[in-house]
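# A structural walkthrough
In case you want the letters, here they are:
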Amino acid sequence: MNILILGSGGREHALAWAVKQNPKCDRLIVAPGNAGIAQLAEVADINILDGASVVIFCEENAIDFVIIGPEAPLAAGVADATRAAGLLTFGPSAAAARLEASKGFTKEICDACGAPTAAYASFTEAAPAKAYVTAQGAPIVVKADGLAAGKGVIVALTEAEALAAIDDMFGGEFGAAGAEVVIEEFMTGEEASFFILTDGVSALPIGTAQDHKRVGDGDTGPNTGGMGAYSPAPVLTDEISARAMEEIVLPTIREMARRGTPYQGVLYAGLMIKDGQGRLVEYNARFGDPETQVLMMRLGAQALDLMLACAEGRLDQAQVNWANDHAITVVMAAKGYPGAYSKGSEIRGLDRLPADSRHMVFHAGTIEKDGAILASGGRVLNITARGDTLSDARNRAYAMIDHIRWPDGFCRSDIGWRAL
Ligand code: AMP
Ligand code: GLY
């Protein structure tokens, strides 16, 4: 079958790597892709935010299956366009992707289906929002309702910080995403990510992971898109996962179907775990980045079969073949990230690294120029390894990093510390 994956990050490189190993995959195209992806698939330059362009490309290239990686094309309705054209598609409709694109909408769904989450209120004006903060006190969490590239959440430790965040959001710092503001109770506990495939009716958990959001060792410094991840997440025990399915995930899926907007794709539930129970922090309508890199390392070729079963509405017959393994990914970023950083520095030593079922360097932001690999983003490489234990996986990943020569890059040295 001919498969098109939309996206250009480490997530899409990992998806492409897993899909490519499956004998069902004849031709694999990734749009727009990156230099690492181009080593294993064809890449194509199309406007992935425009459903009509994607449909035309699929028709011209006899694509049988479309996998949508990032949230922006989902929110823009690309899955609606491809499904309307009769293309088998992995990824939710724009209406269902509101579970990520609107925090207020997600809260409303939680209310409607009784899913445990932080207490909250939503506002469209600053004055009542500020009065609410003053009444509740700090710490408190202020969120822009819409998509803000992961930057629209302010965990305010003081009331003054929360009030300033409200002014920033209503002042237009996040554009239209901040026209509505959700203010939430600050939850304590341990965070973990839970990934579930659903065809709108059936649901199948496909793994757990923990991300490292802060830029520096020991979870210090500013927030990032994620500096590393590992799977499984020990805090998400079988018991807590089962409870989260019953209390949060399945009620959400039923509520979305009841509203006539069934959710089909991967549902990424960010959970806060405390006293044996998970509460919902947020949903994402896509795979996590870099969590996908560790999930794909563990799932391998079966990831394609699972995504196909999801898109074809036969998840009730699908199952995951688990191995008793652990995977870790360490993000190498350009010095300066998540602040200002320069692009174009050369990365050497990649060609001598192993690339097999236990070791992969997924590219997140690279381009190739005259045979050299150059950094072209903030998060640039995901050094990913699998082992029988987490420390085995960790040692393999850091051993690979020792061979990479990139003076303009850095990574955290403590990925996995919480579980180790
Ligand atoms: P989100 O974009 O909703 O995932 O928020 C980004 C991060 O902010 C989360 O991963 C949490 O670490 C933190 N966060 C969000 N909401 C809350 C909350 N209600 N209580 C505590 N921390 C939160
Ligand atoms: N790693 C966090 C995310 O993908 O949203």
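Structure report, in brief. Since the model is a prediction, treat every value here as computed from it, not as a measurement. (Residues numbered from 1 in each chain as written. Chains lettered and ligands numbered in written order. Predicted model: local features only at pLDDT ≥ 70, side-chain atom pairs only at ≥ 80, totals over all residues. Heavy atoms only, no water.)

### So, the overall build of the protein chain
Scanning the protein chain from N- to C-terminus turns up 12 helices and 23 strands. Taking 420 residues into account, the globule formula puts the C-alpha radius of gyration at 22 Å, and the protein chain, at 21 Å, falls close to it. Dimensions of the protein chain along its principal axes, counting C-alpha atoms only, are 60 × 50 × 40 Å. When burial is assessed residue by residue, the protein chain has 57% of its 420 residues classed as buried. In the form shown here, the protein chain has an accessible surface area of approximately 16,400 Å², with 50% of it arising from carbon and sulfur atoms. Charged side chains of the protein chain number 35 positive and 52 negative; the gap between the two group centres comes to 3 Å. (Helix = DSSP H or I, 4+ residues; strand = E, 2+ residues; numbered from the N terminus. Rg over C-alpha atoms; globule rule 2.2 N^0.38 Å. Buried < 20%, exposed > 50% of the residue type's maximum accessible area, 1.4 Å probe, protein only. Areas by Shrake-Rupley, 256 points an atom, 1.4 Å probe, with all protein chains shown as cover. Lys, Arg positive; Asp, Glu negative; His and termini not counted. Charge placed at Lys NZ, Arg CZ, Asp CG, Glu CD.)

### As for the site of ligand 2
Around ligand 2, the neighbouring residues are Asp 211, Lys 213, Gly 225, Tyr 268, Asn 284, Arg 286, Gly 288, Asp 289, Pro 290 and Glu 291. Separating a nitrogen atom of ligand 2 from a side-chain N or O atom of Asp 211 is a distance of 2.8 Å. Partitioned by chemical class, the residues of the shell around ligand 2 number 2 nonpolar, 3 polar and 5 charged. (Near = heavy atom within 4 Å. Polar contact = N/O pair within 3.5 Å; in protein donor to acceptor, adjacent residues only side chain to side chain. Nonpolar A, V, L, I, M, F, W, Y, C, P; charged D, E, K, R; others polar.)

### Section: helix H9 (residues 238-258)
With 21 residues, H9 should cover 30 Å at 1.5 Å per step; its first-to-last C-alpha distance of 28 Å lies within 8% of that length. Residues Ile 240, Ser 241, Ala 244, Met 245, Ile 248, Val 249, Leu 250, Pro 251, Thr 252, Ile 253, Glu 255 and Met 256 constitute the buried set of H9. Along its buried surface, H9 packs onto helix H5 (98-101), helix H6 (103-113), strand S10 (190-198), strand S11 (203-211), strand S15 (265-274) and strand S16 (277-284). The first or second residue beyond H9 is Gly 260, which carries a positive phi of 80°. (Expected span 1.5 Å × (residues − 1). Contact = heavy atoms within 4.5 Å.)

### Considering the site of ligand 1
Lining the immediate environment of ligand 1, one finds 15 residues, of which Glu 184, Glu 185, Met 187, Glu 191 and Glu 282 sit closest. Contact between ligand 1 and Glu 191: an oxygen atom at 2.4 Å from a side-chain N or O atom of the residue. Surface burial for ligand 1 is 88%, taken as the share of its 470 Å² of free accessible area covered by protein chains. The set of elements that each furnish at least two residues to the shell around ligand 1 consists of strand S7 (140-144), strand S8 (153-156), strand S9 (181-185) and S16. Of the residues that constitute the shell around ligand 1, the class distribution is 8 nonpolar, no polar and 7 charged.

### Points about the sheet that holds strand S20 (residues 366-369)
Within a beta sheet, neighbouring strands are joined by backbone hydrogen bonds and run either parallel or antiparallel to one another. On the basis of which strands lie adjacent, the open sheet formed by 3 strands has the order S18-S21-S20 and antiparallel pairing. Of all strands in the sheet, those with a lone pairing partner are strand S18 (346-347) and S20, marking the two edges. (Pairing = 2+ DSSP bridges.)

### Some remarks on the side chain of Ser 345
As for its placement among the helices and strands, Ser 345 is situated in the loop between strand S17 (326-334) and S18. There is a polar contact of 2.9 Å between the side chain of Ser 345 and the side chain of Trp 406. Here Ser 345 is in contact with Ile 373, Leu 374, Ala 375, Trp 406 and Asp 408, once residues within four sequence places are set aside.

### Here we look at the pattern of salt bridges
In this structure the tally under the stated criterion is 24 salt bridges. In this structure, the salt-bridge partner of Arg 258 is Glu 255, at a minimum N-O distance of 2.9 Å. Note that Arg 258 and Glu 255 are positioned in helix H9 at a spacing of 3 residues, about one turn of the helix. The class for Arg 258 is exposed, based on a relative accessible area of 62%. Given a relative accessible area of 7%, Glu 255 falls into the buried group. The partner of Asp 388 in a salt bridge is Arg 358, and the shortest N-O contact between them spans 3.5 Å. With Asp 388 in the loop between strand S22 (379-387) and helix H12 (390-401) and Arg 358 in the loop between S18 and strand S19 (359-363), this pair connects stretches of sequence that are 30 residues apart. What makes Asp 388 exposed here is its relative accessible area of 52%. The partly exposed category is assigned to Arg 358, whose relative accessible area is 25%. (Salt bridge = Lys/Arg side-chain N within 4 Å of Asp/Glu carboxyl O.)

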